[in-house]
Amino acid sequence: MGNTMKNRSPYLIIGNSAAAMGGVAGIRGRDADGLITIVNREQRGAYYRPLISYLLGGKVDEGKMPYRPSAMGESNLRLLQGVEARRIDVGGRIVETADGQSLGFENLLVATGGRPIVPKDLPGREAEGVFTFTTWDDAEKVRDFIEENEVKEAVVVGGGLIGLKCVEALTALRIKTTIAELAERILSTAFDETASQLALNSLKKGGAEVRCSTTASRILTKEGKVAGVALTDGTEVSCSLVVFTIGVAPEKSIVEGTAIRTDRGILVDSSMRTSVEGIYAAGDVAQAEDLLSGEKRCIAILPLAYRQGFIAGSNMAGGEAKYEGGLVMNAVDVCDLPTISVGMTSPQGEGYEVLSVLDEKAPVYKKIVLKDDRIVGAIFVGQIDRAGIITGLIKKRISVSGFKSLLLTDAFGLLSLPAEYRKHLVSGMGTEV
Amino acid sequence: MKRVIIKEEFCIGCRLCEINCLVQHSKSKKIIKVFRNERDSLVSGVQVEQSGYVSFAIQCRHCEDAPCMEACMTGAMHWDAETGAVLCEQDRCVGCWMCIMVCPVGAINTGPNRAVASKCDLCYGAEMPACVANCPNEALIYGEYDEE
Amino acid sequence: MLKARQWLVQPDFLVRRDPDKCIQCQVCVRQCSNDVHEYDAEEEVVISNSAECVGCHRCATLCPTNAISIEQAPLEFRPNANWDGNMIRNAYKQAESGGVLLSGMGNDRPYPIYWDHMLLNASQVTNPSIDPLREPMELLTHLGCKPDRVELSPASNPAKLATRLEPQLELETPIMFSAMSYGSISYHACLSLAQAAREAGTFANSGEGGLHKDLRAFADNMILQVASGRFGVDVDYLNAAAALEIKIGQGAKPGIGGHLPGEKVDASISATRMIPQGTDALSPAPHHDIYSIEDLRQLIYALKEATRYSKPVFVKIAAVHNVAAIASGMVRAGAEVVVIDGFRGGTGAAPTMIRDNVGIPIEFALAAVDSRLRQEGIRNRASVVAAGGFRCSADVVKAIALGADAVNIGTAALVAMGCHLCQKCYTGKCNWGIATQDPILTKRLNPNIGTRRLVNLLRAWSLEIKEMMGGMGINAIESLRGNRDHLRGINLTGRELAILDIKAAGE
């Protein structure tokens, strides 16, 4: 114990993905030399999880997986790879690891991310050929399995964002893939019905098969290996590979039993502080304020994870950065159909105005959801250029009453916006407007 | 750090900036050849917006705190210390379009064939960006915006 | 819209597009205000309708591959020294329209240019040349009434001036900008002229359009005009100016008033001139309160009273027959600067016949006025400013040698800002953003660039003047002024030499 007091790290981060990278940047923005210790369960350097589907599909090779290796080289950084943090001693300010180390800290950032959800009692889940899909290791295992077993057919359980990216990777490897999605449609949280349909069409064109309102009831095996999946709708699909992409839950197990308050995730305030002084949380594990609703929720999106991490890091180094609030946003390319969805895309209740334009053949679909003349949600399918301007309008809560009719036109751009906002937007960045 | 400063009141909507951006980023660098052979494989980094007699050219602002860099999952969007520009390393880009989703000025486009993200690179290595050099009315100037 | 075609009227220019160079970028389509170029989306080519081309070269200048050339009227007439192409085409236009021919800019007919018949001296053996790069050269010029005699206070040391001097304008170089009204030219053009005048230490002239409120800041470098329409004239206007100019006439259209077509009168012009939007701004031919030389004197002194005798009063006339006598009368009436505008002077709009046939060359007018005022012993009472078609610094030097205190440049200034002398100023569609109020077009004249180009022109001409002076062995413009011995005539008749009062080359 005495040892660790002397070796107390000014900054200790559990996790090594986006939130951790943001944390490092935030710290270094204020403290150029303070020692940062990173504890990572994975035997890996930093990387961003969304890349694993590209790795699987062959679009990215191993050399490109690590996160900006050059940026890290200069920091005073101690990386403990393959070390799992087991417990936080909040009072003593020590993190205990699985291999028996006691790491003292002054400031701690919990950036443990998410844990894949797997149905607990699914018959057949121990068979060879059943995988989850969250880490680099997962991608490698799947890829190796595919090669060794010459997989020709696969089933992906869960038609959300991760599921679709996984499907895309598998179809790129010429594997006949079937998706089983529990909801009535794929991407039911991010998209509305129209967008889901367009995404579905694109997947079908890419060679995948989609089954909705169903999920796996049992994994069929033969000699201990996957032979197929029985679905709740009564049908069976033959395959030799099953990937579960139902979703992720915040990986908060490490704070259980401590004074750090949790709900679905680890609760944080607008400075990314947990209920315990000196301990911060960021990324998929954190539950922070949602920009539009004001409530705290877990939003597992990469740029938000980075930003939260950055704010946490900055504040750990004595800053007073504030989190503006999280905005749900996703950009996903579904078999060469680019899509972007931001905010409330399928509003429930009264008081919302919806504008949309659809060209099924192209396909192009644009939808804007408004409340009190402010944009609260948007979907872009097929034509996504300049969508970021809309994201900005949502974030800044700009009233669009003066130019509502221009929002969905092809010519919509910065000139459509009121000069005041445009000036504010680009002032100091080089535009005199 | 030098940036392209836009003077909206002088933009005449001629689009010579767009044309010269294409030429600068082409293989042949010869304008007639570019428009004959390479046109479809190039996307201009600068775009002219026009509404009535108001027009202006906008390209990547090379923000200090660029949202695209934060959102980039591969690290393709990175900051170049030498020029102060935000560059997209196209070999790293996987075309996830997160950058397009977060860019507040809409400066990033899906590149030709919609494979990778495409945006202004401040004519990396050149003395002066092509758009600035070829604007007939000095609606784009190259300078430190603190001086303004 | 279908309307009857004017069959006799043929295009003035031929637009030639090199198909090997044209990349269909459509810059020309976007830039031509006369809709000459059009993109045919089906055929994927740009096509040009030469009929509408005015020869302003905007498209050719901006074309990134230099694919466009503009050539003269494609239909060539049988050579006819009497009925040249212009005369024939004018007759066609009038036969079709029944209207008065209008033109912009100055007289373009092939009358002799007398500057080109005068040659300058250079020192050879005695009175050696001066190197302007090594020795100071004085171009400083003062415009105003000079006293008959100068008295110093005997007692003071250093000596102090006892004589009270009339107000003077001080110019760093003997070149000013001619009167060009806000309305005939764009706000950006006016701003460029005002800023350049300030930067170069000279003066611009508001013309009869009044002074735009945003240009008030430059009034210290502006001569403000009081013309027959009295547009924009109130007591604040008068007091803001560095000097006032009563405009009796201008070289482009002696005998008639200014003309700003209604197309060019937008909200801002309306406010500045204090006239209704969209109406033609026609200045009356005479000032309706000046019907005799005594009336002129009254107006001069009314302006002096209104401005407490603090500014010199200019009077501008067109160069016409008997200009010497008129100038003498003006000086005796109290004008402190006489501005004479020769028949090459430019305008935004004038009836072509008047522009090309009325008035006399500035060379003769200037020589005549200077000689007469000297003869009558009143040359000191007013400065003489010459205007009307000065094309280069050599013209300026010759004018000063003939007796001018300074010159005004109008056309040259516009050319410096990008004018290509297509002479269609009166249409309000100037593609260079100069002679128009259309906001799409006025954007094209960036005042930063306009100012820079004007200052460059003045600087270049000033350096050349110094070079020529140095060659003549003079180091101060005062030594050149009225020094006709520095001029020799070439290819001039005896009569012309006599009126100019210069010797012939060889003498």
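Residues numbered from 1 in each chain as written. Chains lettered and ligands numbered in written order. Predicted model: local features only at pLDDT ≥ 70, side-chain atom pairs only at ≥ 80, totals over all residues.

(A) Looking closely at the overall build of chain C. Along its length, chain C carries 16 helices and 23 strands. Since a compact globule built from 507 residues should have a radius of gyration of about 23 Å, the 24 Å found for chain C is in line with a globular shape. A principal-axis box enclosing the C-alpha atoms of chain C has dimensions of 90 × 55 × 45 Å. A fraction of 69% describes how many contacts in chain C between residues 6 or more apart in sequence connect residues 24 or more apart. (Helix = DSSP H or I, 4+ residues; strand = E, 2+ residues; numbered from the N terminus. Rg over C-alpha atoms; globule rule 2.2 N^0.38 Å. Contact = placed C-beta atoms within 7 Å.)

(B) Here's a closer look at the confidence of the model for chain C. The share of residues in chain C with pLDDT of 70 or more is 100%, and the mean pLDDT across the chain is 94. Taken together, the chains of this predicted complex give a pTM of 0.88 and an interface ipTM of 0.92. (pLDDT = per-residue confidence, 0-100.)

(C) Highlighting the interface of chain A and chain B. Every contact between the two is made by 39 residues of chain A and, on the other side, 36 residues of chain B. Per-element accounting of the side of chain A that touches chain B gives the leading share, five residues, to helix H9 (residues 387–395) of chain A. Class assignment for the residues of the side of chain A that touches chain B results in 23 nonpolar, seven polar and nine charged. (Nonpolar A, V, L, I, M, F, W, Y, C, P; charged D, E, K, R; others polar.)

(D) A look at the nonpolar core. Counting residues in each nonpolar core, the largest one holds 336 residues, and the members touching the most others are Cys99 of chain B together with Val338 and Ile340 of chain C. It is helix H4 (residues 187–200) of chain C that contributes the most residues to this core, nine residues altogether. (Core = buried A, V, L, I, M, F, W, Y, C linked by C-beta atoms within 7 Å. Buried ≥ 20, exposed ≤ 12 C-beta atoms within 10 Å, placed from the backbone.)

(E) Region of the structure containing the interface of chain B and chain C. At the interface, 15 residues of chain B touch 16 residues of chain C. For the side of chain B that touches chain C, the secondary structure elements donating two or more residues are helix H1 (16–24) and helix H2 (31–38) of chain B. Here the element with the most residues in the side of chain B that touches chain C is H2 of chain B; it accounts for three residues. Here the side of chain B that touches chain C is composed, by residue class, of 10 nonpolar, two polar and three charged.

(F) Fine view of the sheet that holds strand E6 (residues 118–120) of chain C. Residues and elements named next belong to chain C. Strand order in the open sheet formed by three strands is E6-E22-E23, with mixed pairing between adjacent strands. In this open sheet, the two edge strands, each paired with only one partner strand, are E6 and strand E23 (503–504). Across three bridges, the pairing between E6 and strand E22 (residues 487–489) is antiparallel. By the bridge assignment, Leu119 is partnered in E22 with Arg488. (Pairing = 2+ DSSP bridges.)

(G) View of the packing of helix H11 (residues 393–402) of chain C against helix H14 (residues 447–472) of chain C. All names here are of chain C. It is at 9 Å that the axes of H11 and H14 come closest, and there the two elements cross at 55°. Classed by the angle they form, the pair H11 and H14 counts as oblique. Judged by the sense of rotation from one axis to the other, the crossing of H11 with H14 is right-handed. Contacts between H11 and H14 involve Ser393, Ala394, Val396 and Val397 from the former and Trp461, Glu464, Ile465 and Met468 from the latter. Here the residues of the contact of H11 with H14 are counted per class, giving six nonpolar, one polar and one charged. (Axes fitted to C-alpha atoms, helices over the stretch in contact; angles between N-to-C directions. Parallel < 35°, antiparallel > 145°, perpendicular 65-115°, else oblique. Left-handed = near helix turned anticlockwise from the far one by under 90°.)

(H) Here's a closer look at unusual backbone geometry. A cis amide bond, omega -15°, links Ala362 of chain A with the succeeding residue Pro363 of chain A. Examined against the element boundaries, Pro363 of chain A turns out to sit in the loop between strand E23 (352–359) and strand E24 (364–371). The phi angle at Arg230 of chain C is positive, at roughly 55°, despite the residue not being glycine. Here Arg230 of chain C lies in the loop between strand E13 (222–226) and helix H5 (235–240). A positive phi angle, close to 65°, is found at Met274 of chain C, a residue other than glycine.

(I) Representation of the domain arrangement of chain C in the model. Residues and elements named next belong to chain C. When the domains of chain C are assigned, the result is domain 1 (13–76) and domain 2 (141–504). Relative placement of domain 1 and domain 2: their C-alpha centres are 38 Å apart. Contacts between domain 1 and domain 2 engage nine residues on the former and seven residues on the latter. Looking at the side of domain 1 that touches domain 2, its residues break down into three nonpolar, five polar and one charged. (Domains from an automatic or database assignment.)

(J) Main features of the confidence of the model for chain A. All names here are of chain A. Residue-level pLDDT values for chain A average 90, and 95% of them are 70 or greater. Ignoring residues within four places in sequence, the model shows residues 1–5, a span with pLDDT below 50, making five contacts including any to other chains. Across residues 428–433, where pLDDT falls below 50, the model places 21 contacts with residues more than four positions away in sequence or in other chains.

(K) Region of interest: the environment of Asp485 of chain C. All names here are of chain C. Tracing the backbone through its elements, the reader meets Asp485 in the loop between helix H15 (477–480) and E22. Owing to 10 C-beta atoms within 10 Å, Asp485 belongs among the exposed residues under this scheme. Separated by 220 residues in sequence, Asp485 and Val265 place their C-alpha atoms 49 Å apart.

(L) Fine view of the environment of Ser9 of chain A. Residue and element names in this part refer to chain A. With respect to the secondary-structure elements, Ser9 resides in strand E1 (residues 9–14). With 106 residues separating them in the primary sequence, Ser9 and Arg115 have C-alpha atoms 27 Å apart. When residues no more than four places from it in sequence are discounted, the contact partners of Ser9 are Leu35, Thr37, Leu103, Gly104 and Phe105.

(M) Just the sheet that holds strand E20 (residues 383–387) of chain C, in detail. If you walk across this open sheet you meet the eight strands as E11-E21-E20-E18-E17-E14-E13-E12 (chain C), and the pairing is parallel. Edge positions in the open sheet fall to strand E11 (175–177) and strand E12 (204–205) of chain C, since each of these has one partner strand only.

(N) Spotlight on the environment of Lys2 of chain B. All names here are of chain B. When you line up the elements, Lys2 lands in the segment before strand E1 (3–7). Judged by local crowding, Lys2 falls into the partly exposed class, with 18 C-beta atoms found within 10 Å. Linking Lys2 and Ala57, residues 55 residues apart in sequence, is a C-alpha distance of 17 Å. Residues in contact with Lys2, not counting those within four places in the same chain, are Tyr142, Gly143 and Glu144.

(O) Expanded view of the pairing of strand E4 (residues 77–80) of chain B. All names here are of chain B. The pairing of E4 with strand E5 (residues 85–88) spans four bridges and is antiparallel. Bridged to His78 within E5 is Leu87. The hairpin formed by E4 and E5 contains four residues between the paired strands, and Gly84 there has a positive phi angle of roughly 75°.

(P) Structural view of the domain arrangement of chain A. If you check the domain split of chain A, you get domain 1 (2–45 + 67–115 + 250–316), domain 2 (130–246) and domain 3 (336–426). Computed from C-alpha atoms alone, the centre-to-centre distance between domain 1 of chain A and domain 2 of chain A is 33 Å.

(Q) Representation of H9 of chain A within the structure. Residues and elements named next belong to chain A. Of all nine residues that make up H9, nine are buried, and the element is covered over most of its length. The complete set of buried residues in H9 reads Ala387, Gly388, Ile389, Ile390, Thr391, Gly392, Leu393, Ile394 and Lys395. Phi for Arg397, located one or two positions after H9, is positive at around 55°.

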